[in-house]
Structure formats: C-alpha cells, structure tokens
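# Residue-level structural notes
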Amino acid sequence: MKGSLSTLALALVAAGALAQGHHQQAPADPFRLQPLSGGVYALYGRGGNVGFFVGADAVVVVDSQFRDLAPGIVEKIKSVTDKPIKYLVNTHHHPDHVGGNEVFKQFAVIVAHDNVRKRMLMSPEAILRDYPPMIEDARKSGNEERAKRLQEQIDWAKKVRIEEIPAPFVTFDSELRIHVGGETIHVWHTSPAHTDGDSVVRFEKANVVHMGDLLFNKVIPVIDVRGGGMPKGYLPALDSVLARLDPGVTIIPGHGESPMPRGSKCFGSTSSIWSSSQRPRAPLERRGKRSSAMRSCRPTRNGAGTRSASKRTRGSAYDEAK
Ligand SMILES: [Zn+2]
C-alpha cells in the first residue's frame, strides 16, 4: 500500500512536472488587453486591432481578427464584463478584421459599409485570383507562416458556399449611429483610401476612435487598390476624419503594437510617413521603372507582410501618378 502510494505520489510529481513542462512550451497568450477611457478597451492580438465598448447593457466590438482567435477575443471581453456582445462593426473587409465574424454572428448584429458586404461575398473569387502570387512573395521572403495562412485561405475559397460567408447583415452607405446606454457610437464611411469600404468608429463620450486600417502606428500605410483603395484618396480621407475628432482623442490604430499618441499629432506623423514614402517617386518616374519605385519603399517597421504590402502600395501610387 505504502509502496503504491509512493509510486502514485511519484507519478503525480512526474505528471506535475510534465504538465508544467507542457505549460511552459504552450504558446503565450496572443492577446494584450488595454483599458482606454469611458469603458472602451483596445485588444491587441494577431491581425487588425480590436476595440470594444462595455455599455450599461451591451458590448459593442470593432473588428474580429481571425476565425481561430475569435473565441479568445470573446473570452477576453468576458473577463471584464458579463454584458452580452450585441454589435460587431467591421472597419473594412480584410480577412484579419472580419475573420472572426463566423463566431460573432451567432450572437451579434454585424454592421459595416455596403462595400464590406459586397467584397466579402466576392472574396472567394478575389482570393483565388490574388493569393497565388502573394504566396510566392511570402515564400521568397522566407515567411512560411504567412504562405501557410494564405494557402489555407485558398483552400477555403475553393470549397465555401456564398451563403456561408459571414458578411455583415446590416449595411449602410455613409454613416450610422449605435446608441448603447449613454454612449453614442458614430460609424462613418470615408472616401476610398485603404479600401472602398473603410469606416472609422468614434465613441463620443469616451473620446476614443478606432481608425481601422486608415491609420497604422509607425508603419507605411497600405493601399489595397484591388480592394477599391486609392493612394490619392488617402490623405484627404485622413483629413476628413481629423476634422471630426475632438482634441485629445485616443486613437486605436488598425495595426501597431501600442496605442498611438493622443490627439492629432499621430495624423501628422502618419502623413509625413506617407509623404516620405512618396518622395522618391518623381525621379524614379522619370526613369520609368515601376520595379524601382517599389524597391525604394522603406517601411519603418516590419510587421507580418508589411514590407511586401508597402511595396505593393508604392507600386499602386506609381501607377496612379503615371
Ligand atoms: Zn486592411
């Protein structure tokens, strides 16, 4: 008996050590939750940053990252409130902002600009057309992880039925407001910039704005021309947003690990990043080499796919300026 107990105890210690070893090897929590003001939180994970507002009787979420992360996003929200998640706003149609819709549609009303729905429903076609060269780019730059994720999207596009796509089911053409408790959440569409379905989401009382991919933190903006974006429209779109923000607003960028500085300063820094990315364009244009224009791009930070995306953006700006 004693012997058995010792054996059992040893086994338990061993199991504990194993569990601990396993725990140490388990991937770290992919999320970082940051309380901002007035019940608004930023949630950083993989893909586009999530923002959410906890109101008196409901939670409003902005963007849903990827399908595999969505249950974790819901869990993080539940860690700060037991209020139901009633609305999800998508800032645009890119998969790293809408991938989790499949989970959210089970309990939330999904809201976005008309073109987000349109482009999501068209996405299998676009993925099969656009992703194969992107996989090649990713492999060339040694980013196997990205290549794998793109391949998964291709596999999905080959088999998905249109009616299964979790596109927003409430759409608007210029702007709408969501009223939750005493907070008013303004969602408005800008002229084509990052895509043709961009919206920003402003929490009025909290004085926080989620910029979607119109604004990155210290990264050259990406313009998805195939997704309806326009390099020329980018700065006017930023200006139009800036004109509607209050001083001291807290900004949740579409990408970037930390929150942006308060107020309009970050718009200035993004504008200067954008302008400096455009600066070498004139002499290169005279030489007439699109490939040189693309090579001259120097992002200030290399996130996943950022370098290749910025190169594509320079190429698009070049095409538009021709
Ligand atoms: Zn995007």
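Residues numbered from 1 in each chain as written. Predicted model: local features only at pLDDT ≥ 70, side-chain atom pairs only at ≥ 80, totals over all residues.

Attention now goes to the overall build of the protein. Within the protein, the secondary structure is distributed over 12 helices and 12 strands. Burial statistics for the protein: of 322 residues in total, 41% are counted as buried. A fraction of 64% describes how many contacts in the protein between residues 6 or more apart in sequence connect residues 24 or more apart. (Helix = DSSP H or I, 4+ residues; strand = E, 2+ residues; numbered from the N terminus. Buried ≥ 20, exposed ≤ 12 C-beta atoms within 10 Å, placed from the backbone. Contact = placed C-beta atoms within 7 Å.)

A few words now on unusual backbone geometry. Most peptide bonds take the trans form, and the phi angle of most residues other than glycine is negative. Here Asp63, not a glycine, exhibits a phi torsion of approximately 70°, which is positive. In this structure, Asp63 sits in the loop between strand E4 (59-62) and helix H2 (70-78). Judged by the 32 C-beta atoms lying within 10 Å of it, Asp63 falls in the buried class.

Our next topic: the sheet that holds strand E10 (residues 199-203). The strand order across the open sheet built from five strands is E8-E9-E10-E11-E12, with neighbouring strands paired in mixed fashion. Only two strands of the sheet have a single partner each, and these edge strands are strand E8 (175-180) and strand E12 (250-252). Adjacent strand axes in the sheet meet at a mean angle of 20°, parallel and antiparallel pairs treated alike. When strand E11 (residues 208-210) meets E12, the two strands line up parallel, connected through three bridges. Looking at the pairing, Val208 lines up with Thr250 of E12. (Pairing = 2+ DSSP bridges. Axes fitted to C-alpha atoms, helices over the stretch in contact; angles between N-to-C directions.)

The subject of this paragraph is the confidence of the model for the protein. The pLDDT averaged across the protein works out to 80; a share of 71% of its residues lies at or above 70. In this model residues 1-24 is a low-confidence stretch, pLDDT under 50, and it forms zero contacts with partners more than four residues away in sequence or in other chains. This stretch, residues 279-306, has a pLDDT under 50; its non-local contacts, to residues over four places away or in other chains, come to 44 contacts. (pLDDT = per-residue confidence, 0-100.)

Let's shift gears to the sheet that holds strand E1 (residues 32-35). Across the sheet, seven strands lie side by side as E1-E2-E3-E4-E5-E6-E7; this open sheet has mixed pairing. Strands with a single pairing partner mark the edges of an open sheet, and in this sheet they are E1 and strand E7 (170-172). On average, each strand axis in the sheet is inclined to that of its neighbour by 20°, with strand direction left out of account. Strand direction decides the pairing type here: strand E2 (residues 40-44) and strand E3 (residues 50-54), joined by four bridges, are antiparallel.

With that settled, the discussion passes to the environment of Leu214. Tracing the sequence through the fold places Leu214 in the loop between E11 and helix H8 (231-242). Between the C-alpha atom of Leu214 and that of Tyr234, which follows or precedes it by 20 residues, the distance is 7.8 Å. Those residues in contact with Leu214 that lie beyond four places of it in its chain are Thr190, Ala193, His194, Asp198, Val200, Ala237, Leu238, Val241 and Gly254.

We now examine H2. Residues of H2 that are buried: Ala70, Ile73, Val74 and Ile77. The buried side chains of H2 occupy one side of the element, clustering within an arc of 100° when seen end-on. Exposed and oriented more than 90 degrees from the buried face of H2 are Pro71, Glu75 and Lys78. Those residues of H2 that are buried are in contact with E2, E3, E4, strand E5 (85-89) and helix H4 (101-104). (Arc of directions from axis to C-beta.)

Moving on: the pairing of E1. Here four bridges tie E1 to E2, and the two strands are oriented antiparallel to one another. Looking at the pairing, Leu33 lines up with Leu43 of E2. What sits between E1 and E2 in their antiparallel hairpin is a turn of four residues, with Gly38 showing a positive phi close to 60°.

When two helices pack together, their arrangement is given by the angle between the helix axes and the distance between those axes. Interaxial distance between helix H6 (residues 123-140) and helix H7 (residues 144-159) falls to 9 Å at its minimum, and their mutual angle equals 160°. Relative to H7, the element H6 lies roughly antiparallel. Seen along the crossing, H6 lies across H7 with a hand that is left-handed. Contact residues: H6 offers Pro124, Ile127, Leu128, Tyr131, Met134, Ile135, Ala138 and Arg139, while H7 offers Arg146, Ala147, Leu150, Gln151, Gln153, Ile154 and Ala157. (Parallel < 35°, antiparallel > 145°, perpendicular 65-115°, else oblique. Left-handed = near helix turned anticlockwise from the far one by under 90°.)

Across the two faces of E4 the burial is the same, with Val59 and Val61 and Val60 and Val62 all buried. Bridge count between E3 and E4: four bridges; the pairing is antiparallel. Its bridge partner being in E4, Phe53 is matched across the sheet by Val60. Hairpin connection of E3 to E4: four residues between the antiparallel strands. Taking the sense of rotation as the criterion, the β-α-β connection linking E4, H2 and E5 turns out right-handed. (Right-handed = clockwise from strand over helix to strand, strands pointing away.)

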